[in-house]
Amino acid sequence: MSRFLSDNYKNLVPYVPGEQVNVKVIKLNTNESPFPPSPKVKEVLSEEVIDKLNLYSDPELKELTAAIAKQFDVTPDMVFCGNGSDDVLAFAIMGFCGAGGKLCCPEISYGFYPVYADLFGVELEQIPLADDFSINVEDYIGKNKNIVIANPNAPTGLALSFDDVERIVSSNPDNLVIMDEAYMAFCNESCMELVKKYPNLLVTRTFSKSHSLAGLRVGFGIAQKEIIEDLNKLKFSFNPYNINTLSVKAAAAAIADNEYYDDKISQIVATREKVQLQLRELGFTCTDSKSNFIFAASDRIPASELAAELRKRNILVRYFNKAKIDNYLRITVGSAEDMQTLVSEISAILEERK
Ligand code: PMP
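For clarity, every value in this text was computed on a predicted model and none was experimentally measured. (Residues numbered from 1 in each chain as written. Predicted model: local features only at pLDDT ≥ 70, side-chain atom pairs only at ≥ 80, totals over all residues. Heavy atoms only, no water.)

A.B. asks: Can you walk me through the layout of surface pockets in this structure?
C.D. replies: Left-over empty space is what a probe sized like a water molecule reveals as it rolls over the atoms. For the largest pocket, the calculated volume is near 1000 Å³. Contributing to the lining of the largest pocket are 44 residues, with Y15, V16, P17, Y110 and R318 lying nearest its centre. Going through the elements one at a time, α4 (85–97), β3 (102–106) and α5 (112–119) are the ones with two or more residues in the lining of the largest pocket. Broken down by element, the lining of the largest pocket gets its largest block of residues, four residues, from α5. Taken together, the residues that form the lining of the largest pocket break down as 22 nonpolar, 13 polar and nine charged. One number sums up the size of the second largest pocket: a volume of about 420 Å³. Lining the second largest pocket we find 20 residues, and of these Q71, F72, A185, R205 and H211 sit closest to its centre. (1 Å grid on protein atoms, 1.4 Å probe; cavity = no way out; pocket = protein on both sides within 12 Å on 5 of 7 lines; lining within 4 Å. Points joined across faces, edges and corners; volume = space filled by probe spheres on them. Helix = DSSP H or I, 4+ residues; strand = E, 2+ residues; numbered from the N terminus. Nonpolar A, V, L, I, M, F, W, Y, C, P; charged D, E, K, R; others polar.)

Next comes the structure, spelled out in structure tokens:
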């Protein structure tokens, strides 16, 4: 640390992203898609677009917001785009809960929520999950605090039903409820249609998981236009050009290609279900994940050791050294082939220990 860092940030504990590697491994540690993006993405990244990179990107992101609005049957003034959904979450937590505001989230959830709360001086309550890792909906009814919930939750993969989300949103009319739907494409319980009914709901989504564009860094939030105006006010006070021209073009092309992505998403869901069954047959406890990852524990081997053994075999998975989940691994659902390699390597590791 330098002598110059403001006292406000001296104790900040940053978010730790999953590792990115250059060597060839089976990479199941950061919930990326095993598929390349839609071929339409390549088509739009033309020389003509590259030749215009001397110009700033459109700060209003008209092309991208229009494409997203069309997909979700909302008006473009209900869409806010960010440099990844992390950017959208950051603006929302800063703007609606910042400096002395109150926020609550599940105790076991996306690791960035506490980091943003800390960064923006938000008082955060982390609400414990039930023993089976489910979210107890009653804990969020009439909470009188802003709320952020990942649905499906990460790293547990468990999802709240549409009706439960509506109960939470409708019982907190004076607070913002952020539903982080980063993994919702793999689940089908989206609360997106509720944004038209409830002025206190913001739903965030990302291109990083279902749309195979993690490297592009694009996410978005959908809410009533007053919320979007507020987010834009913050963005235009911080970084008006938060998405570059290439990302705008690529994401707008991707979001329109339902045929391509519906097929990839169903393949991932089918592989998830198959591998969860196979792991259960090997004695693992797996949550009923509705996401593009599996959350699994075995009483035959500690999770940290299994992660280390898999790494020796060039398979990366995510281990969280955190109370209550430190015997679980979060395993991204990769290609059907890579997942079969994973299952055979896990059986071999367990055999060796017999
Ligand atoms: N929400 C959740 C629950 C996540 O797991 C992630 C991925 N780390 C994000 C949001 C952010 O994703 P991105 O910034 O790539 O859109």
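Still more to cover.
A.B. asks: I'm lost on the sheet that holds strand β4 (residues 123–127) in this one. Help?
C.D. replies: Each strand in a sheet pairs with another by means of backbone hydrogen bonds, the pair being arranged parallel or else antiparallel. Spatially, seven strands are ordered β2-β8-β7-β6-β5-β3-β4 in an open sheet, and the strand pairing comes out mixed. For this open sheet the edge positions go to β2 (79–82) and β4, each flanked by a neighbour on one side alone. Within the sheet, the average angular offset between the axes of one strand and its neighbour, ignoring direction, is 20°. Pairing between β3 and β4: five bridges, direction parallel. Bridge assignment links P106 to a residue of β4, and that residue is I127. Its contacts with the sheet place α5 against β3, β4, β5 (146–150) and β6 (177–180), and it is angled at close to 160° to β4. Its contacts with the sheet put helix α6 (residues 162–170) on β5, β6 and β7 (201–206), and the angle it makes with β6 is roughly 155°. (Pairing = 2+ DSSP bridges. Axes fitted to C-alpha atoms, helices over the stretch in contact; angles between N-to-C directions. Contact = heavy atoms within 4.5 Å.)

A.B. asks: What is the right way to read the pattern of salt bridges from this model?
C.D. replies: If the charged atoms of two oppositely charged side chains come close together, the side chains can form a pair. The final tally for this structure, using the stated rule, is 25 salt bridges. For D263, the salt bridge goes to K264, with nearest N and O atoms at 3.1 Å. The closest approach of N and O atoms between E273 and R272, which form a salt bridge, is 2.9 Å. Residue classification places R272 among the buried positions, given a relative accessible area of 3%. When salt bridges that share partners are traced, they join E309, K312, R313, E345 and E352 into one network. (Salt bridge = Lys/Arg side-chain N within 4 Å of Asp/Glu carboxyl O. Buried < 20%, exposed > 50% of the residue type's maximum accessible area, 1.4 Å probe, protein only.)

A.B. asks: What should I look at first to understand the sheet that holds strand β10 (residues 293–297) in this one?
C.D. replies: Strand order in this open sheet of five strands is β1-β11-β12-β10-β9, and the pairing throughout is mixed. In the strand order of this sheet, the two ends are held by β1 (26–28) and β9 (285–286), each with one partner. In this structure, β1 lies alongside strand β11 (residues 315–319), joined through three bridges in parallel fashion. Across the sheet, K27 pairs through a bridge with L316, a residue of β11.

A.B. asks: Hey, could you run me through the side chain of S291 in this one?
C.D. replies: Mapped onto the secondary structure, S291 falls in the loop between β9 and β10. Relative accessible area serves as the criterion here: at 0%, S291 is assigned to the buried category. Look past the residues within four positions of S291 in its chain and what remains in contact with it is P152, G157, Y183, F186 and R272.

A.B. asks: Can you walk me through the site of the ligand in this structure?
C.D. replies: The local shell around the ligand holds 13 residues, among which S85, D180, Y183, T206 and S208 are the closest. D86 places a polar main-chain atom, nitrogen or oxygen, 3.1 Å from an oxygen atom of the ligand. Here an oxygen atom of the ligand sits 2.6 Å away from a polar atom, N or O, in the side chain of S208. The protein chains hide 92% of the 410 Å² of surface that the ligand would expose on its own. Because more than half of its atoms lie within 2 Å of the grid, the ligand is assigned to the largest pocket. (Near = heavy atom within 4 Å. Polar contact = N/O pair within 3.5 Å; in protein donor to acceptor, adjacent residues only side chain to side chain. Areas by Shrake-Rupley, 256 points an atom, 1.4 Å probe, with all protein chains shown as cover. Sits in = over half its atoms within 2 Å of the grid points.)

A.B. asks: Looking at this structure, how should I read unusual backbone geometry?
C.D. replies: Negative phi characterises most residues that are not glycine, and trans characterises most peptide bonds. Of note, the bond from N151 into P152 is cis; its omega dihedral lies within 30 degrees of zero at -5°. By the secondary structure assignment, P152 is in the loop between β5 and α6. Along the chain, A154 connects to P155 via a cis peptide bond; the corresponding omega equals 5°. With respect to the helices, strands and loops of the structure, P155 is situated in the loop between β5 and α6. Residues other than glycine seldom take positive phi values, yet S212 does so here, at roughly 55°. Structurally, the position occupied by S212 is in the loop between β7 and β8 (219–222).

A.B. asks: How do you make sense of the environment of S266 when you look at a structure like this?
C.D. replies: Structurally, S266 can be placed in helix α9 (residues 258–281). Counting along the chain gives 246 residues from S266 to Q20, while the straight-line C-alpha distance between them is 26 Å.

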